[in-house]
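Summary of structural features
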Amino acid sequence: MRLFIASLVLSGCTQTELSQPYNLDRIRLLGVRADVGEESDPILGTLAEARPGQTATFSALYYFPEDTDYGGAFWFGCVPEEELSAGCEVNESALSAFDGLDENSTTEEFFAAVEAAQDLGVLGFQPLYDPFWTIPEDALDGLSEAERIEGTNAFINVSLFSSQEDTGGFDADVFDGGMPDAGSLEVGFKRMPISEALTPNHNPDITDFIVAGEALDGANGFTARTGRTYIIEPVVPDGHTETYSFINRSDETVFRTEELYFQWYTEPGADKPEHFASFDQPLSLAPFSSVEWTAPPEPGLITVFAVVRDRRGGMGWRALKVNVL
């Protein structure tokens, strides 16, 4: 099992280039979200920024094509001593807790290994256990009072892999079968703020869509005609665009309002690039957050995704099913 996980995290991979970045025709990791604490503020939403000692749970928005089975995800986190550009360096010793586990291991043995691994940065290995992290109490040690308010960034690494096996439990063929094909991997990382900020960041959420001027009122999709273009606008609650304080270079406390931006993705809905569903542009900025989406010339059920970010580590997303006739 240890060899399998290590190969996922430490190995590189090659991917086939997409015709357009917004077209979903291979495994994609589209977003990673942290939710801190168990309660959601009725106006602001869930916390995305943690203090030392608080616990965060993590979720990912990922895409697997119809011909590729979801295998799972490996999660690793760290608070680097220096600013990093590509996430955490995974120490293979962090995986030694899983030595000896196999299909005959008990639940108690597995979770004992999980607890030992978490001390070294392993946050989760799905589908066996979901990722969470209690931020180290010393995460801000060595910073001045002003620096502790501004905080630092933790890094969350995620590795997705595909599998033709059922990984709902211990499976020797899955864990001892070695490295999956290189093309089946997608690796990414997220920066997560840790601070003692007076106005910690919250996650923005997309709660609805407006399509062709009509709100969907919570419906999960709409019907489109082949080849036609539709204006799609995401709906975000007013409170999820936050005004926050920060300390500038002159040690003055100033206030700023978030500027949300949206990234858009679509299933192609066709076999040839010239027939793929398309956006006029795959990025939109609030308050002009709508995009033009053109349906493929072939009928079928496809999915559109919108991912919202607030430039401070907060993130949310929503899927939209489109029945193309």
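From a predicted model like this one, the values you see are computed outputs, not experimental measurements. (Residues numbered from 1 in each chain as written. Predicted model: local features only at pLDDT ≥ 70, side-chain atom pairs only at ≥ 80, totals over all residues. Heavy atoms only, no water.)

**Quick look at the pairing of strand E5 (residues 122-126)**
Most of E5 is tucked away: five of the five residues are buried. As paired elements, strand E4 (residues 70-78) and E5 share four bridges and run antiparallel to each other. Across the sheet, the residue bridging to Trp75 is Gly124, located in E5. (Buried < 20%, exposed > 50% of the residue type's maximum accessible area, 1.4 Å probe, protein only. Helix = DSSP H or I, 4+ residues; strand = E, 2+ residues; numbered from the N terminus. Pairing = 2+ DSSP bridges.)

**Some words on the sheet that holds strand E15 (residues 261-266)**
Spatially, five strands are ordered E11-E20-E19-E15-E17 in an open sheet, and the strand pairing comes out mixed. The strands lining the two open edges of the sheet, one partner per strand, are strand E11 (221-224) and strand E17 (283-285). If you compare each strand with its neighbour and ignore which way they point, the axes differ by 25° on average. Judged from the six bridges that link them, E15 and strand E19 (residues 300-309) form a sheet pairing that is antiparallel. The partner of Trp264 across the bridge, within E19, is Ala306. (Axes fitted to C-alpha atoms, helices over the stretch in contact; angles between N-to-C directions.)

**Focus on the confidence of the model for the chain**
Averaged over all residues, the pLDDT of the chain is 84; the fraction at 70 or higher stands at 84%. Segment residues 3-18 is flagged for pLDDT under 50; beyond a separation of four residues in sequence, or across chains, it makes 40 contacts in the model. (pLDDT = per-residue confidence, 0-100. Contact = heavy atoms within 4.5 Å.)

**Details of unusual backbone geometry**
In this model, Gln126 is joined to Pro127 through a cis peptide bond whose omega is 15°. Looking at where Pro127 falls in the secondary structure, it is placed in the loop between E5 and strand E6 (132-134). Cis geometry marks the peptide bond from Ala286 to Pro287, where omega comes out at 5°. Mapped onto the elements of the fold, Pro287 is located in the loop between E17 and strand E18 (291-294). One non-glycine residue with positive phi stands out, namely Ala212, at about 55°. Note that Ala212 resides in the loop between strand E9 (208-211) and strand E10 (214-215). Positive phi, close to 70°, is recorded for Arg311, a residue that is not glycine. Turning to its location among the elements, Arg311 is positioned in the loop between E19 and strand E20 (315-324).

**Things to note about the nonpolar core**
Counting 25 residues, the largest nonpolar core has Phe209, Phe222, Ile232, Trp264, Trp293, Leu320 and Val322 as its most contacted members. Among the elements of the structure, E9, E11, strand E12 (229-235), E15, E18, E19 and E20 are those that each provide at least two residues to this core. In terms of residue count, E19 provides more of this core than any other element does, four residues in total. In this view, Phe209 contacts Glu214, Ala215, Leu216, Ile232, Glu233, Pro234, Val235, Trp264, Ala306, Arg318, Ala319 and Leu320; residues no more than four positions away in its chain are not counted. Ala56, Phe58, Leu123 and Ala154 belong to the second largest nonpolar core, which has 23 residues in total. (Core = buried A, V, L, I, M, F, W, Y, C linked by side-chain atoms within 4.5 Å.)

**Comments concerning the environment of Glu186**
Here Glu186 is to be found in strand E8 (residues 186-194). Since its relative accessible area comes to 12%, Glu186 is described here as buried. Spatially, the C-alpha atom of Glu186 lies 9.4 Å from that of Tyr62, the residues being 124 residues apart in sequence. Reaching out from Glu186, the side chain makes a polar contact with the side chain of Arg26 at a distance of 3.1 Å. (Polar contact = N/O pair within 3.5 Å; in protein donor to acceptor, adjacent residues only side chain to side chain.)

**Here we look at the sheet that holds strand E2 (residues 45-47)**
Strand order in the open sheet formed by four strands is E2-E1-E3-E6, with antiparallel pairing between adjacent strands. Because the sheet does not close on itself, it has two edges, and the strands there are E2 and E6. Averaged over all pairs of adjacent strands, the angle between strand axes in this sheet comes to 45°, irrespective of strand direction. Across three bridges, the pairing between strand E3 (residues 55-63) and E6 is antiparallel. Across the sheet, residue Thr55 finds its bridge partner in E6, namely Thr134.

**With respect to the layout of surface pockets**
Roughly 980 Å³ of volume is contained in the largest pocket. For the lining of the largest pocket, the elements supplying multiple residues, two or more each, are strand E1 (28-41), helix H3 (145-150), E8, strand E13 (243-247), strand E14 (253-257) and E15. For the lining of the largest pocket, the element with the most residues is E8, which contributes seven residues. Along the lines of polarity and charge, the residues of the lining of the largest pocket split into 15 nonpolar, eleven polar and 13 charged. Reported here for the second largest pocket is a volume of approximately 370 Å³. Taken together, 19 residues line the second largest pocket, and the ones lying closest to its centre are Tyr63, Glu66, Pro268, Gly269 and Ala270. Ranked by residues supplied to the lining of the second largest pocket, first place goes to E19 with three residues. Counted by class, the lining of the second largest pocket contains eleven nonpolar, two polar and six charged residues. (1 Å grid on protein atoms, 1.4 Å probe; cavity = no way out; pocket = protein on both sides within 12 Å on 5 of 7 lines; lining within 4 Å. Points joined across faces, edges and corners; volume = space filled by probe spheres on them. Nonpolar A, V, L, I, M, F, W, Y, C, P; charged D, E, K, R; others polar.)

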